[in-house]
Amino acid sequence: MPQRAKTDAEIEACFKVMAELRPHLKKNQFLSTVRNMESEGFRLIYIATDNIATDNIATDNKVVAAAGYRICSNLFMGKHLYVDDLVTAKANRSSGYGKRMIEWLRDEAKRSNCKFLHLDSGTHRGRAHKFYFQEGFTIASYHFSEEL
């Protein structure tokens, strides 16, 4: 079952798997970046192979999946849970971890009285898109961006 990364050690243990999705991340900045994002509502969850709560997760457990999300509101969707990042370590894909993460995120959205659970996925991530369709997601809109 996914659990919230609360301690510095838990957050740092998520770096390796999160960097598979976001290779631009720097290990020496990851903890402070996550802590800053938490002040904006960001939450980080993970699944470790043993998934036993411990103060020494970095050495006792291997993080195999991680997700970052936030609960917020806007005029379009009302209250919603937005998944910023969702990744399973390459070596552990197709093992059910992604499905467990989506189930947990869906339940968290319901517990928080959200109207929607949504995410963006890069256009080049065909396997991820297949997974999201299998989990009941639909393509609801285009997402446009401009690098400044």
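Each value, and the rule that gives it
- Along each chain, residue indices are assigned from 1 in the same order as the chain's sequence is written.
- Given that this is a predicted model, residues contribute local features only at a pLDDT of at least 70 and side-chain atom pairs are listed and counted only at 80 or more, while totals for whole chains, interfaces and linings are drawn from all residues.
- Side-chain metrics rest on all non-hydrogen atoms present in the structure, leaving aside hydrogens and water.
- Think of it this way: a Phe, Tyr or Trp ring, Trp meaning its six-membered ring, pairs with another when their centres are within 6.5 Å, and the plane angle makes it stacked under 30 degrees, edge-to-face over 60, tilted otherwise.
- Helix and strand definitions here come from DSSP, where helices need a minimum of 4 consecutive H or I residues and strands a minimum of 2 consecutive E residues; each element is numbered from the N-terminal end.
- When a residue's accessible area, from a 1.4 Å probe over protein chains only, is under 20% of the maximum for its type it is buried; when over 50% it is exposed; and in between it is partly exposed.
- At least two bridges found by DSSP between two strands are what make those strands a pair.
- Counted as salt bridges are all cases of a side-chain nitrogen of Lys or Arg within 4 Å of a carboxyl oxygen of Asp or Glu.

Draft legend 1. The packing of aromatic side chains, seen in detail. In total, this model carries five aromatic pairs according to the counting rule given. Ring centres of Phe 15 and Phe 30 lie 5.4 Å apart, and the angle between their planes is 70°; this geometry places the pair in the edge-to-face category. Of the two residues, Phe 15 is situated in helix H2 (residues 15-21) and Phe 30 in helix H3 (residues 27-38); the sequence distance between them amounts to 15 residues. Classification of Phe 30 as buried rests on a relative accessible area of 6%. Aromatic side chains Tyr 132 and Phe 137 sit 5.8 Å apart centroid to centroid with 65° between the ring planes, which places their arrangement in the edge-to-face category. On the basis of relative accessibility, which here comes to 11%, the residue Tyr 132 falls in the buried class. Ring pairs connect the aromatic residues Phe 131, Tyr 132 and Phe 137, which therefore count as one cluster.

Draft legend 2. Local environment of the sheet that holds strand S2 (residues 43-48). Read across the sheet, five strands follow the order S1-S2-S3-S4-S5 without closing on themselves; strand pairing throughout is mixed. Every interior strand has two partners, whereas the edge strands, strand S1 (3-4) and strand S5 (116-119), have only one. In the sheet, S2 pairs with strand S3 (residues 63-74) via six bridges, with the strands oriented antiparallel. Bridged to Ile 45 within S3 is Ala 67.

Draft legend 3. How the structure looks around the pairing of S2. Summarising burial for S2: five of the six residues are buried, a large majority. Judged from the two bridges that link them, S1 and S2 form a sheet pairing that is antiparallel. Paired with Arg 4 across the strands is Ile 45, a residue of S2.

Draft legend 4. Region of interest: the pattern of salt bridges. Under the counting rule described, the total for this entry stands at nine salt bridges. In this structure, Arg 43 and Glu 108 form a salt bridge, with 3.6 Å as the shortest nitrogen-oxygen distance. Note that Arg 43 is positioned in strand S2 and Glu 108 in helix H5 (residues 97-111), a separation of 65 residues in sequence. In this structure Arg 43 comes out as partly exposed when scored by relative accessible area, which is 25%. In this structure, the salt-bridge partner of Asp 84 is Arg 70, at a minimum N-O distance of 2.9 Å. You can see Asp 84 sitting in strand S4 (residues 78-88) and its partner Arg 70 sitting in strand S3, a full 14 residues away along the chain. In this structure, Asp 84 and Arg 70 share a single accessibility class: buried. Each of Asp 8, Arg 35 and Glu 38 takes part in salt bridges that share partners, so that together they form one network.

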